[in-house]
Amino acid sequence: MSRSPMIARTVPALHRTLDRLRARKATVALVPTMGALHDGHVSLVRLARRRASRVVVSIFVNPTQFAPTEDFGSYPRTWKSDAARLAAEGVDLIWNPDAGTMYPDGFATRIVPEGAATANLEDRFRPHFFGGVATVVGKLFTQVRPNLAIFGEKDFQQLRVVTQMARDLDLGVKVVGSPTVRERDGLAMSSRNVYLSPEERLKAPVLYRALKESARRLRAGDDVAATMAGGVEMIVAAGFVLDYFEVRHAGTLAPVGARGDGPMRILVAARLGNTRLIDNIAV
Ligand code: PAF
């Protein structure tokens, strides 16, 4: 039988519960989420469980990382099944504030990340995004004060941004990346996959196929520009509208021109109908 996690919805309740959890020198891992949990989130929770004695999962659909034209209103909210999944995983505490708790009246502070946050990838298409993410993750880190925090590699630029922020602001949190979990056909798991129509769902794995094929070619020493052009062709031919398909330095996200420029990562964002998908692969 799984034990129900404790649930905190106010900052004082969170701190009271954490004080109890931290007794006897427990280490605390935080898994920040926006809910609509899938097997990818479960893998983050399991990594947290292996790396710390207490696991806190936050569920908060953060309004400040959505542009007015984006899907904040329709973002899937599945509290009941989320809570059941977290209970089955033995999570100790769910931190589930509402928007008024996170951003009370008069809230007037924003973290504006630079570096990887201005790499001209996601930030080119979602200029509001990393400021919203950095601000909410900065708050989550100071509220929960975890020893470590687990983020999925699927949002690779986000992982780089929060890693840098934790370091720059001396937040005392070790940020750990966790590998992307995929459907059997290769599509990266995402809460937004539910938006895909059945026809779009059939096309969606092409993104991962293009990533894999391009990574294979780069590893084999093929020309970078020709390889990337081949990947773009595959994606566009499948009916995607491409935002970017780029190879970058895996650490800094700076552009790379040749194989010897350091560890590489290929990153992609593309739209199928109204659904925007992102993914990436190590070279
Ligand atoms: O990756 C996400 O789900 C969100 O961007 C995060 C990190 C929970 C911040 O709202």
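Rules of the game
Residues numbered from 1 in each chain as written. Predicted model: local features only at pLDDT ≥ 70, side-chain atom pairs only at ≥ 80, totals over all residues. Heavy atoms only, no water. Axes fitted to C-alpha atoms, helices over the stretch in contact; angles between N-to-C directions. Helix = DSSP H or I, 4+ residues; strand = E, 2+ residues; numbered from the N terminus. Parallel < 35°, antiparallel > 145°, perpendicular 65-115°, else oblique. Left-handed = near helix turned anticlockwise from the far one by under 90°. Contact = heavy atoms within 4.5 Å. Nonpolar A, V, L, I, M, F, W, Y, C, P; charged D, E, K, R; others polar. 1 Å grid on protein atoms, 1.4 Å probe; cavity = no way out; pocket = protein on both sides within 12 Å on 5 of 7 lines; lining within 4 Å. Points joined across faces, edges and corners; volume = space filled by probe spheres on them. Near = heavy atom within 4 Å. Polar contact = N/O pair within 3.5 Å; in protein donor to acceptor, adjacent residues only side chain to side chain. Areas by Shrake-Rupley, 256 points an atom, 1.4 Å probe, with all protein chains shown as cover.

Examining the packing of helix α6 (residues 129-144) against helix α7 (residues 156-168)
Now for step 1: In the contact formed by α6 and α7, the axes pass within 10 Å of each other and the chain directions differ by 50 degrees. The angle between α6 and α7 places the two elements in the oblique class. For the pair α6 and α7, the crossing hand works out as right-handed. In this structure, α6 uses Phe129, Phe130, Val133, Ala134, Val137, Gly138 and Phe141 to contact α7, whose residues at the interface are Gln157, Gln158, Val161, Val162, Met165 and Ala166.
Now for step 2: Among the residues forming the contact of α6 with α7, the class breakdown is ten nonpolar, three polar and no charged.

Overview of empty space enclosed by the protein
Now for step 1: In the structure shown here, the tally under the stated rule is two cavities of 30 Å³ or more.
Now for step 2: Counted as a void, the largest cavity has a volume near 60 Å³.
Now for step 3: Those elements that place two or more of their residues in the lining of the largest cavity are α9 (206-219) and β9 (275-282).
Now for step 4: Among the elements that make up the lining of the largest cavity, the one with the highest residue count is β9 (three residues).
Now for step 5: Of the residues that constitute the lining of the largest cavity, the class distribution is seven nonpolar, three polar and two charged.
Now for step 6: What the second largest cavity holds in volume is close to 40 Å³.
Now for step 7: Forming the walls of the second largest cavity are Leu37, His38, His41, Val42, Val45, Arg85, Leu86 and Glu89.
Now for step 8: Taken together, the elements giving at least two residues each to the lining of the second largest cavity come down to α2 (39-51) and α3 (79-88).
Now for step 9: The biggest single contributor to the lining of the second largest cavity is α2, with three residues.

Topic: the packing of α9 against helix α10 (residues 224-237)
Now for step 1: Between α9 and α10, the shortest axis-to-axis distance is 9 Å and the interhelical angle comes to 165 degrees. Here α9 is positioned roughly antiparallel relative to α10, judged by the angle of their axes. At the point where α9 passes α10, the crossing takes the right-handed sense. Residue-level contacts link Val206, Leu207, Arg209, Ala210, Glu213, Ser214, Arg217 and Leu218 of α9 to Val224, Ala226, Thr227, Met228, Gly230, Gly231, Met234 and Ile235 of α10.
Now for step 2: Split by residue class, the contact of α9 with α10 holds nine nonpolar, four polar and three charged.

Focus on the site of the ligand
Now for step 1: Around the ligand sit Pro32, Thr33, Met34, Asn62, Gln65, Val133, Val136, Phe151 and Gln158, and that is every residue in its neighbourhood.
Now for step 2: At 2.7 Å, a side-chain N or O of Gln158 approaches an oxygen atom of the ligand.
Now for step 3: Within the complex, 88% of the 290 Å² of free accessible area of the ligand lies under protein.
Now for step 4: Of the residues that constitute the shell around the ligand, the class distribution is five nonpolar, four polar and no charged.

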